[in-house]
Amino acid sequence: MVTASPHRPDGRPAPARQATLGESLRRNGVSRRGFLKFCAATASMMALPPSMAPAIAAALESARRPSVIWLSFQECTGCTESLTRSFSPTVENLILDTISLDYHHTLQAAAGDAAEHAREAAMHANAGEYLVVVDGSLPGPGANPGYSTIAGISNYDMLMETVADAAAVIAVGSCAAFGGLPKASPNPSGAVAVQDLVKDKPVINVSGCPPLPMVITGVLAQYLTFGKLPELDQYNRPLAFFGQSIHDRCYRRPFYDKGLFAETFDDEGAKKGWCLYRLGCKGPMTYNACATMKWNGGTSWPVEAGAPCLGCSEPDFWDAGGFYDALSVPPGNSGDMLLAAGAAGVAVGAGVGLLARSQAKGAAKQHQTVTAEELEQKL
Ligand code: SF4
Ligand code: SF4
């Protein structure tokens, strides 16, 4: 639904009147109950108090499409795959449909000059208001710019030109957030992360290889809802999704606390679902929401499928040693105890368990939820 729109005070044409998210959802057959369920889940994911859920519902209902320019640099397309393979039809998909993806190398139909003109037109029409999403790292200013180009423009020039008038930048995936695989030693292309180059705009890192699709849409939902960007952790990741470690929320945690570890992928311990720490699980030093949000529409996640967490959402995970080598000195506040856990097993494992349990208890205390039924009564 698009209606004619007047000009802005500075003479630039205002963007055409787009359908609100509520209108768009109704047009696509999403029930009010389904929408409220999404709002309740979003409030819960963001660890917001239940009293905020009606505000989320009201704001999302009337939210309009922000313009998004999506740049793909040195990447494998896994991040876009993650997003577009998210279960459909879902409200998350529709939120993605609701944003105006004015330029996306992989998804757009336009090519060549037409595609570049679309990017320039979106930047011009939405100056100061559009979001730039980046997946992939890029050769830094000291590297040969010819290592990665699009339409004859180096990745570096395209990024700096595109972010100049952006409201914020979302670095999707561990390559954009931290450099990822292209930056792994010996880093032949001189790859750097987006935040290494963009210093005068907010940069939100949604790390993961690939990132959870719900986290990408969750950040967009928060922006649509509150018109502002989420609270971030020390690596500029949204705290609501990266505030707790995989280990804090892992269902195998009771086995860790008892010192019961699988030693091989097919021993009795593995069959009984014991902890995968000694098979290289990086869950204790990895912050992500896989253990609670899971993958493939909430079906399962790597540790549930019997594979250790590889630590894919942490900086430089490709260079952090063998995927299946047990951690010896993990970073973070439980590092010393885990070092001892490798040697002493049960007793120290229980010590870390106590620490993590007290942290988890604190988090759970603040983390109340609201149901769709309660929301229906309030709205
Ligand atoms: S070490 Fe890995 S498998 Fe074991 S409890 Fe922690 S996250 Fe789960
Ligand atoms: S379980 Fe670990 S390695 Fe697997 S996707 Fe989640 S954070 Fe990445």
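Residues numbered from 1 in each chain as written. Chains lettered and ligands numbered in written order. Predicted model: local features only at pLDDT ≥ 70, side-chain atom pairs only at ≥ 80, totals over all residues.

**Section: the overall build of the chain**
As a reminder, the rule being used: Helix and strand definitions follow DSSP, with helices as H or I runs of at least four residues and strands as E runs of at least two, each counted in order from the N terminus. Exposure classes come from backbone-placed C-beta atoms, where a residue is buried if 20 or more other C-beta atoms lie within 10 Å of its own, exposed if 12 or fewer do, and partly exposed in between. Contact definition: two residues whose C-beta atoms, as placed from backbone geometry, lie within 7 Å.
Scanning the chain from terminus to terminus reveals 18 helices and nine strands. Expressed as a percentage of the 379 residues in the chain, the buried residues total 42%. Within the chain, counting contacts between residues at least 6 apart in sequence, those at least 24 apart form 70% of the total.

**Some remarks on the environment of Ala 240**
The residue Ala 240 is located in helix α12 (residues 239-242) in this model. We classify Ala 240 as buried; it has 23 C-beta atoms within 10 Å. Here the alpha-carbon distance between Ala 240 and Asn 288, two residues 48 residues apart in the chain, equals 9.7 Å.

**Looking at the site of ligand 1**
Filter applied, for reference: To decide whether a residue is near a molecule or strand, its C-beta atom is placed from the backbone and checked for lying within 6 Å of it. Any residue that is not Ala, Val, Leu, Ile, Met, Phe, Trp, Tyr, Cys, Pro, Asp, Glu, Lys or Arg is counted as polar, Gly included; the first ten are nonpolar and the last four charged.
Taken together, the neighbourhood of ligand 1 is formed by 14 residues, with His 247, Cys 250, Cys 275, Cys 281 and Gly 283 sitting nearest. Of the residues belonging to the shell around ligand 1, the class tally is ten nonpolar, two polar and two charged.

**Observations regarding the nonpolar core**
To keep things clear, this is the line we draw: To define a nonpolar core, we join buried Ala, Val, Leu, Ile, Met, Phe, Trp, Tyr and Cys residues through C-beta atoms within 7 Å and take the resulting set. As used throughout, domain bounds are those supplied by an automatic or database domain assignment.
In terms of nonpolar packing, the biggest core is built from 83 residues, with Cys 39, Val 132, Val 134, Val 169 and Ala 171 touching the most fellow members. Per element, the largest residue contribution to this core is eight residues, and it comes from helix α11 (residues 213-226). The residues that make up this core include at least three from each of domain 1 (65-242) and domain 2 (247-366). When residues no more than four places from it in sequence are discounted, the contact partners of Ala 171 are Val 134, Ala 176, Ala 177, Ala 193, Val 194, Gln 195, Val 203, Ile 204, Asn 205 and Val 206.

**Some remarks on the environment of Ser 148**
For Ser 148, the position within the fold is in the loop between β4 (138-139) and β5 (149-150). Once the C-alpha coordinates of Ser 148 and Gln 74 are considered, the two residues, 74 residues apart in sequence, prove to be 7.1 Å apart. Ser 148 has contacts with Phe 73, Gln 74, Leu 138, Pro 139, Asn 155 and Ser 189, leaving out every residue within four places of it along the chain.

**Let's talk about the packing of helix α3 (residues 53-62) against α11**
Keep this limit in mind: Every axis corresponds to a line fitted to the C-alpha atoms, with the helix fit spanning only the stretch in contact, and the corresponding angles, defined between N-to-C directions, vary from 0 to 180 degrees. Each angle gets one of four labels, with under 35 degrees taken as roughly parallel, over 145 as roughly antiparallel, 65 to 115 as roughly perpendicular, and the rest as oblique.
The N-to-C vectors of α3 and α11 enclose an angle of 85°; their axes lie 8 Å apart at closest approach. One element, α3, and the other, α11, form an angle in the roughly perpendicular class. Note on element contacts: α11 touches α3 through Ala 221, Leu 224, Thr 225 and Phe 226, opposite Ile 56, Ala 59 and Leu 60.

**Points about unusual backbone geometry**
Residue Pro 186 follows Ser 185 across a cis peptide bond; omega there is 10°. As for its placement among the helices and strands, Pro 186 is situated in the loop between α9 (180-183) and β8 (191-192). Each neighbour pair has its own omega, and for Cys 209 with Pro 210 the value is 0°, a cis peptide bond. Phi angles above zero are rare outside glycine, and Asn 187 is one such case at about 45°. Considering the arrangement of structural elements, one finds Asn 187 in the loop between α9 and β8.

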